[in-house]
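Residues per chain are reported as follows:
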Amino acid sequence: MSIPLVIGLISLLLILIIGYSIIIQYRQRLESAKQQELAKQVAIIDATEELISNASHLPYSKELLVCLNKRILYALETIAEVDTKDRSLKQRIHHVTEQISHLETHFDQTNVVPFQVPNSDRQAIGMLQLVKRLKNVIKGEHGKGRIATQAYVLENTRLENMQLRINIENVVKRANDARLKRQFGTAKQLLKKGIDVLSSRNDEYATKAKQKLQYMLSEIDNNMSVSSEQERQQLLNKDNNELDVLFQQKRKW
């Protein structure tokens, strides 16, 4: 066998090895990208289902529930495109599609849970975090063109109002707690902060809430005035008692 032939065969073999390696790496990159996309969509589904499960803690509108369910539907459809071998996806997609159709045609407003005043700072923080997540979701869906601008604006405004209400109701609770502990300075500071926030709004809730906070603030001022007068009178009585003792008639022995 001639040397040029041997060199040619070796070169061909090297080309085949390199080509095979490139193909393997390309397939691995495709598989890695596929797995990343699947993991991303599964995470979206899990997070969205968690948000839907919290409908028992906050009043969800029909538009919000439809948006969340459509988000799950889009994620399932993406998974079906990436992973064509999963036969269970067809049934899941059908189930979510029916759920969306049911919400759009048979949504019952009377079944929506009423707004619940937070019982603690921890609960208030949890509710605020939930509202923030919901706002981020509808903003993202609007950015992808999956929710109409008018519907987005209305729902975002509703969530912002809910956010305000959670904060104000928590301020009221904390101010009442501080007042019971006779921490009047803290209570006044909380109420004034709440009034400042409400002063920039002119809707019905803001107007009524502002009046309530102003009334609470005036009550605290009155209580502080009465308390100060009582303390002044007690000091005066103490001074008079001490003077009586000092100038009382001396007993003769």
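These numbers were taken from a predicted model, which means no experiment stands behind them.

1. Some points on the packing of helix α1 (residues 3–53) against helix α4 (residues 121–143)
Right, so step 1: The interhelical angle for the contact between α1 and α4, taken along N-to-C directions, is 125 degrees, at an axis separation of 11 Å. It follows from the interaxial angle that α1 and α4 lie oblique. Handedness of the crossing formed by α1 with α4: left-handed. In this structure, α1 contributes A47, E50 and L51 to the contact, and α4 contributes L130, R133, L134 and V137.
Right, so step 2: Its residues placed into classes, the contact of α1 with α4 shows 5 nonpolar, no polar and 2 charged.

2. Focus on the environment of T149
Right, so step 1: Looking at the element boundaries, T149 is found in helix α5 (residues 149–180).
Right, so step 2: Residues T149 and K139, spaced 10 residues apart in sequence, show a C-alpha to C-alpha distance of 9.9 Å.

3. What to know about the pattern of salt bridges
Right, so step 1: If you walk through the whole model with that rule in mind, you get 12 salt bridges.
Right, so step 2: A salt bridge links R146 to E141; the nearest nitrogen and oxygen atoms lie 3.3 Å apart.
Right, so step 3: Residue classification places E141 among the buried residues on the basis of a relative accessible area of 2%.
Right, so step 4: Residue E204 pairs with K208 through a salt bridge whose shortest N-O separation is 3.1 Å. Separated by 4 residues within a single helix, E204 and K208 lie in helix α7 (residues 204–247), roughly one turn from each other.
Right, so step 5: Each of the salt bridges in this network shares a partner with another, and the network as a whole consists of R71, E141 and R146.

4. Notes on the side chain of N156
Right, so step 1: Tracing the sequence through the fold places N156 in helix α5.
Right, so step 2: Setting aside chain neighbours within four positions, we find N156 in contact with K135 and I138.

5. Remarks on α1
Right, so step 1: Given a rise of 1.5 Å per residue, 51 residues ought to cover 75 Å, and the 74 Å separating the end C-alpha atoms of α1 matches this to within 8%.
Right, so step 2: On its buried face, α1 is in contact with α2 (62–82), α3 (89–106) and α4.

6. Here we look at unusual backbone geometry
Right, so step 1: Look at R182: it is not a glycine, yet its phi comes out positive at around 60 degrees.
Right, so step 2: Tracing the backbone through its elements, the reader meets R182 in the loop between α5 and α6 (184–198).

7. Some points on a nonpolar patch on the surface
Right, so step 1: On the surface, V6, I10, L13, L14, I17, I18 and I22 cluster together into a nonpolar patch covering about 640 Å² of accessible area.
Right, so step 2: Note that I10 resides in helix α1.

8. Notes on the packing of α4 against α5
Right, so step 1: Interhelical geometry of α4 versus α5 gives an angle of 170 degrees and a closest axis separation of 10 Å. Overall, the two elements α4 and α5 adopt an arrangement that is roughly antiparallel. Of the residues in α5, those touching α4 at D121, A124, M127, L128, V131, L134, K135, I138, K139 and H142 are T149, Y152, E155, N156, L159, E160, M162, Q163, I166, N167, N170 and R174.

Procedures and definitions
Residues numbered from 1 in each chain as written. Predicted model: local features only at pLDDT ≥ 70, side-chain atom pairs only at ≥ 80, totals over all residues. Heavy atoms only, no water. Axes fitted to C-alpha atoms, helices over the stretch in contact; angles between N-to-C directions. Helix = DSSP H or I, 4+ residues; strand = E, 2+ residues; numbered from the N terminus. Parallel < 35°, antiparallel > 145°, perpendicular 65-115°, else oblique. Left-handed = near helix turned anticlockwise from the far one by under 90°. Contact = heavy atoms within 4.5 Å. Nonpolar A, V, L, I, M, F, W, Y, C, P; charged D, E, K, R; others polar. Salt bridge = Lys/Arg side-chain N within 4 Å of Asp/Glu carboxyl O. Buried < 20%, exposed > 50% of the residue type's maximum accessible area, 1.4 Å probe, protein only. Expected span 1.5 Å × (residues − 1). Patch = residues over 30% accessible without salt bridge, like charges linked within 9 Å, V, L, I, M, F, W, Y side chains within 5 Å. Areas by Shrake-Rupley, 256 points an atom, 1.4 Å probe, with all protein chains shown as cover.

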